[in-house]
Amino acid sequence: MKIRSKRSLIVLICIGSCLVIGALIAWYTFWRPAKNTPDTQVQSASETSESVEEPGTSNSIKLPGAEPIAALEGDYTQDDSLWRLVNKSHPLSDIDYRPNLIKPNVATRSDKSLDEQSVREDIAPAVEELFADAKTAGHELEIGSGFRSAELQNTYYSNYVSVYGQEAADAVSAKPGYSEHQTGLAIDISTVDRNCYLEDCFGETPAGIWLRDNAHQYGFILRYPLEKEGITDFRYESWHFRYVGKDLANALYQSGLSLDEAAPYLEQR
Ligand SMILES: [Zn+2]
């Protein structure tokens, strides 16, 4: 009698435990996800396209072959975003876009307008740091061309067209509103002696090699690499550097992607 009641008690405990566990499983499986439907749908939508995020790091971006980086705040399609893609199929939204400009405390071409010797105000410290460290490494750099208004770009582009024809001009110059120079984030760099000025061979000079190997540490990328001509739709420009911030510049350097190739990953935050 004593044994039977003890067995009954054990059986009752087992049945009770099973019921509780079953109820918990049923609650978790059916009720809890249903309550979170909106979030779940958002997550699924972003996961169905190319997944670029690490699980649980919705604010990070991972380019192939690179360490994850923190997503930049804001909308990257805005003209003033540091990650704004500007190329032949992505013109600026505002043809008259003009950021706050400042002439950084570095060597510039004094025969150019103050605008063209200037960059976007907030990247001036990065330019100065890049140039100072280049100098320490033995390279006296100079800004050949910084900001260009749409009007100035039109002058450059029209000159190219009149001299070389439309097709050749399109390979080396951008139409107004389609130039990175108008963002104030791009600079054409040379040395003060202008050795190989705006020529391919600049990339083979000690200064060009130093820039190629180090600019990313200061937030700049070599925007039109030789091996990416088919993607950027621009001729190799060993002198044209674009500011995107240290995190993205490092990630692009590690991944080997151009900004154009990275753009789809940047749009998925
Ligand atoms: Zn340029």
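Description of the structure in this document. (Residues numbered from 1 in each chain as written. Predicted model: local features only at pLDDT ≥ 70, side-chain atom pairs only at ≥ 80, totals over all residues. Heavy atoms only, no water.)

## Comments concerning the pairing of strand 7 (residues 220–224)
In terms of residue burial, strand 7 counts as a mostly covered element, since 4 of its 5 residues are buried. Both strand 7 and strand 8 (residues 237–243) contribute to a ladder of 4 bridges, which runs antiparallel. When the sheet's bridge partners are listed, Y224 is paired in strand 8 with E237. (Buried < 20%, exposed > 50% of the residue type's maximum accessible area, 1.4 Å probe, protein only. Helix = DSSP H or I, 4+ residues; strand = E, 2+ residues; numbered from the N terminus. Pairing = 2+ DSSP bridges.)

## Here's the deal with the coordination of the zinc ion
Protein coordination at the zinc ion comes from H181 (NE2), D188 (OD) and H240 (ND1), with a distance range of 2.0 to 2.1 Å. Read in sequence order, the donor residues for the zinc ion give the motif H-x6-D-x51-H. Here H181 is found in the loop between helix 5 (166–172) and strand 6 (186–191), whereas its partner H240 is found in strand 8, with 59 residues between them in sequence. Each member of the pair, H181 together with H240, is buried. (Donors = N, O, S within 2.8 Å, 3.2 Å for Na, K, Ca; no water.)

## Side note on the side chain of R148
Position of R148 among the secondary structure elements: in the loop between strand 5 (141–145) and helix 4 (150–164). We classify R148 as buried; its relative accessible area is 12%. There is a polar contact of 3.0 Å between the side chain of R148 and the side chain of D188. Not counting chain neighbours up to four residues away, the residues in contact with R148 comprise E116, Q153, Y156, S179, H181, Q182 and D188. (Polar contact = N/O pair within 3.5 Å; in protein donor to acceptor, adjacent residues only side chain to side chain. Contact = heavy atoms within 4.5 Å.)

## Overview of helix 6 (residues 206–214)
Among all positions of helix 6, only A207, G208, W210, L211 and N214 are buried. The buried side chains of helix 6 occupy one side of the element, clustering within an arc of 160 degrees when seen end-on. Tucked inside the fold, the buried residues of helix 6 contact helix 3 (124–136), strand 5, strand 6 and strand 8. (Arc of directions from axis to C-beta.)

## Let's talk about the sheet that holds strand 6
Spatially, the 4 strands line up as an open sheet ordered 5-6-8-7, and their pairing is antiparallel. Unpaired on one side and paired on the other, strand 5 and strand 7 mark the two borders of the sheet. For this sheet, the mean inter-axis angle between neighbouring strands, taken without regard to orientation, is 45 degrees. (Axes fitted to C-alpha atoms, helices over the stretch in contact; angles between N-to-C directions.)

## Some points on the nonpolar core
Core analysis: the largest hydrophobic core is formed by 46 residues, its most contacted members being L63 and F220. Listing elements by their share of this core, those giving two or more residues are helix 3, strand 5, strand 6, helix 6, strand 7, strand 8, helix 8 (246–255) and helix 9 (259–266). Non-local contacts of F220, meaning those with residues more than four positions away in its chain, are made with I123, A126, V127, L130, I187, A215, F241, R242, Y243 and A249. (Core = buried A, V, L, I, M, F, W, Y, C linked by side-chain atoms within 4.5 Å.)

## Some thoughts on the state of the cysteines
Inspection of the entire model under this criterion finds 1 disulfide. Linked covalently through their sulfurs, C196 and C201 form a disulfide whose S-S length is 2.0 Å. Taking the sign of the torsion about the S-S bond as the criterion, the disulfide between C196 and C201, at about -115 degrees, is left-handed. Looking at C196, the relative accessible area reads 16%, which means it is buried. (Disulfide = S-S within 2.5 Å.)

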